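# Breakdown of the fold
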Amino acid sequence: MGVEAHATNERVTGRRWTVRLDPVGRGRADVRVSCSRPACAAQVLPSAADGRTAAIAHLKAHLRAGPAPRPSVQCACRAEECHTHIRPAGPRERPVPWRCGGAVVLAVITDREGRWWQVLECCSRCAAAHPTAKVVATAPAAEAPARGDGFRADAPAPAPPGGPAATTPTFSAVSPHFSHSATAAATGTAVPQQASGPRSSAPRSAPRSARPTRKRPPRGRIAQRLVPHDLRPVALRDELTELGELFRAYQARTEPDLAVLADLHARKAEAFNAWAEVTADTGLRLDARRAEQAAATARLQHLHRIGQAPDGEGPAVVRLLTAPAQWNHARAVLAHVAENAPLPGAEARLLVLMVTLRTAQSGVGNLVGQDIKGLPLQDPEHLVGQLVESGWLGISGTVEELIASRPESPTRISVPSLTPDEDDPGPFTFGRKLRPKLSGWAQRVVGEKKLRKGKTGADVRLLALALATGADGEGRLGPGGEGIGLDALASWCAVDPGDLPDLVDRLTAADWLAEADVTGTLLTGRLTERVLPLGCPLT
């Protein structure tokens, strides 16, 4: 007893370290890879894919260079009172006090999103308790000493000469890899034989390890909760287990399906409510309420994407820009132009906006004369020349050649402030496919039929853009239909606040606005149904 206690007290806690993948900053694409080991410096990579590749390579380098798992260490998660240990498989198997059972392994645990990887030196039963654990290497199991020599049969055998470092690990012949499971044959784990003693003169008919054991049904997992194997009714237990599997299968899909996701959340809400009634668990009721909200949100987003109205309220608006992310990017472009326009005046603001949308992704693009002559500009050649002289715009050729260019021979233009480089990725985060959609949307608003027929100026069309991005889903201006501040509108349109009532009247005459009212500080009203497809609703 004294020797066993001494061996337990002298055991060393198993190793543990973590490799993480974190964003560098809000709105940036680059990521930081860090390791909890003190000698490892953080790395900054340009994208999440590059960061994940670097993190896995860093982890594998540690696994190749580090020592093998030691058969006599104390389980790393047991040291922190882990509650996920698996119980022994047989009724007579008793774990030693310093681990719950099985050989010592080196396991890698990760989250589903691939944001961190943790290496643990623990026993195999502890590794099996984690659903994402992958065994990298296994230490050979030491044989139990014979009974009657002063030790218990289940006490750990003394380490071989030379200490744990002299033990040969059971690595694969190739470089370390993550395996989902490790059998006794693959890992080299020895099966302990029954010790012989003075009262056992003849071998038993079958070794203890070969006897059949009663196995409980597998436990399901859903929303980080284990489904009790004795949960009743059985139909509820089966429904929760199936839902957990369906959610995991949905997370593995390459393309989202919001209709399927909404149905899963609705089933989860119903099942969690039933589970809460059985167990009287308040946490389950709160989870059920959150699942109901998630189902309603996913279903509404699905209806918006397919152009249908919720709850049969009539035909939904088929918008030119269909997703909330696209609406937010459109507002981001307008805000950038308002803050960085190189020249004053509404006409310069409108031209800068259209050129920005042509070059937003890479800083370069193509332009033809009709793109400029189609805008309400009094002297387009002079305005383009001013932008070139200010250094904001670069063109291949002269201004006259740009104005005269045709679609079959467009003019190459560039905007240096929008050109990304290694230190500055640029002001916009949307992808290459979204840029032409945003440009087409702005052209549709600025060149809308009644605005063209009414010969409205650049200031009126800038106001139309501002109102298209400043109304809710029903066309009411401002958040909750409370209106938009006059100072913000005047600043965007590059006009005096006193000129706004006239601009509002011109938009009302062009059937853009209805019920418009200009007060001391706000413009209230709503967009007409005719122009709702051009809107970017506030979310």
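Our subject in this report is the structure included herewith.

Below, the discussion takes up helix α13 (residues 434-446). When the terminal C-alpha atoms of α13 are compared, their 19 Å separation across 13 residues agrees well with the 18 Å that a helix rising 1.5 Å per residue should span. Looking only at α13, the buried set comprises L434, R435, L438, S439, W441, A442, V445 and V446. The buried residues of α13 occupy an angular sector of 160° when projected down its axis, which confines them to one face. Where the residues of α13 are buried, they touch α8 (324-340), α9 (346-359), α14 (449-453) and α15 (458-468).

Turning to the packing of α9 against α15, a few remarks are in order. Axis separation between α9 and α15 bottoms out at 8 Å; the angle between their running directions is 50°. By the angle class used here, α9 and α15 are oblique. Here α9 and α15 pass one another in a crossing that is left-handed. The residues of α15 that touch α9, namely those facing A346, E347, R349, L350 and L353, are A458, D459, L462 and L465. Grouping the amino acids of the contact of α9 with α15 by side-chain chemistry returns 6 nonpolar, no polar and 3 charged.

Here we take up the nonpolar core. Note on soluble globular proteins: their nonpolar side chains tend to be buried together. Counting residues in each nonpolar core, the largest one holds 73 residues, and the members touching the most others are L467 and W512. Among all residues touching W512, those that are not within four sequence positions of it are V445, E448, L451, A464, L507, R526, L527, T528, R530, V531 and L534. L243, Y250, W275 and A298 belong to the second-largest nonpolar core, a separate cluster that totals 19 residues.

Right, let's get into the side chain of Q326. Secondary-structure assignment places Q326 in helix α8. Non-local contacts of Q326, meaning those with residues more than four positions away in its chain, are made with L321, L434, K437 and L438.

Looking now at the packing of α15 against helix α17 (residues 500-509). One can describe the packing of α15 onto α17 by two numbers: an axis separation of 10 Å at closest approach and a directional angle of 75°. By the criterion of interaxial angle, the relationship of α15 to α17 is roughly perpendicular. Contact residues: D459, V460, L463, A464 and L467 in α15; L503, V504, R506 and L507 in α17. Here the residues of the contact of α15 with α17 are counted per class, giving 7 nonpolar, no polar and 2 charged.

Only one face of strand β11 (residues 411-414) is covered, namely the one carrying T411 and I413; the face carrying R412 and S414 has none of its residues buried. In this sheet, β11 lies alongside strand β9 (residues 364-367) in antiparallel orientation, the contact comprising 4 bridges. Across the sheet, the residue bridging to L367 is T411, located in β11. In terms of strand pairing, strand β10 (residues 394-395) meets β11 through 2 bridges, oriented antiparallel. Pairing of I395 across the sheet is with I413, part of β11.

Here we come to the pattern of salt bridges. Inspection of the entire model under this criterion finds 20 salt bridges. When the shortest N-O distance is used, the salt bridge between D281 and R225 registers 3.9 Å. Here D281, found in the loop between α6 (258-279) and α7 (282-306), pairs with R225, found in strand β8 (residues 225-226); they are 56 residues apart in sequence, far enough to count as distant. By relative accessible area, D281 is classed as partly exposed at 29%. Among the charged side chains, a network of salt bridges with common partners joins R225, D281, D287 and R290.

Our next topic: empty space enclosed by the protein. For the structure on display, the rule yields 2 cavities of 30 Å³ or more. Taken as a whole, the largest cavity encloses approximately 40 Å³ of empty space. Forming the walls of the largest cavity are R319, A468, A471, D472, G475, L527, L532, G535, C536 and P537. Of the residues contributing to the lining of the largest cavity, the split by class is 6 nonpolar, 2 polar and 2 charged. Estimated volume of the second largest cavity: approximately 30 Å³. Residue lining of the second largest cavity: H336, V337, N340, A341, V352, T356 and W392, and that is the complete set. Broken down by secondary-structure element, the contributors of at least two residues to the lining of the second largest cavity are α8 and α9. In terms of residue count, the dominant contributor to the lining of the second largest cavity is α8 (3 residues). For the lining of the second largest cavity, the per-class residue count stands at 4 nonpolar, 3 polar and no charged.

Tracing the backbone shows R358 in helix α9. Relative accessible area serves as the criterion here: at 17%, R358 is assigned to the buried category. Here N366 takes part through its backbone oxygen, which lies 2.9 Å from a polar atom of the side chain of R358. Ignoring sequence-local partners within four residues, the contact set of R358 consists of V364, G365, N366, L367, D371, R435, S439 and Q443.

Cut-offs applied
Residues numbered from 1 in each chain as written. Predicted model: local features only at pLDDT ≥ 70, side-chain atom pairs only at ≥ 80, totals over all residues. Heavy atoms only, no water. Helix = DSSP H or I, 4+ residues; strand = E, 2+ residues; numbered from the N terminus. Expected span 1.5 Å × (residues − 1). Buried < 20%, exposed > 50% of the residue type's maximum accessible area, 1.4 Å probe, protein only. Arc of directions from axis to C-beta. Contact = heavy atoms within 4.5 Å. Axes fitted to C-alpha atoms, helices over the stretch in contact; angles between N-to-C directions. Parallel < 35°, antiparallel > 145°, perpendicular 65-115°, else oblique. Left-handed = near helix turned anticlockwise from the far one by under 90°. Nonpolar A, V, L, I, M, F, W, Y, C, P; charged D, E, K, R; others polar. Core = buried A, V, L, I, M, F, W, Y, C linked by side-chain atoms within 4.5 Å. Pairing = 2+ DSSP bridges. Salt bridge = Lys/Arg side-chain N within 4 Å of Asp/Glu carboxyl O. 1 Å grid on protein atoms, 1.4 Å probe; cavity = no way out; pocket = protein on both sides within 12 Å on 5 of 7 lines; lining within 4 Å. Points joined across faces, edges and corners; volume = space filled by probe spheres on them. Polar contact = N/O pair within 3.5 Å; in protein donor to acceptor, adjacent residues only side chain to side chain.

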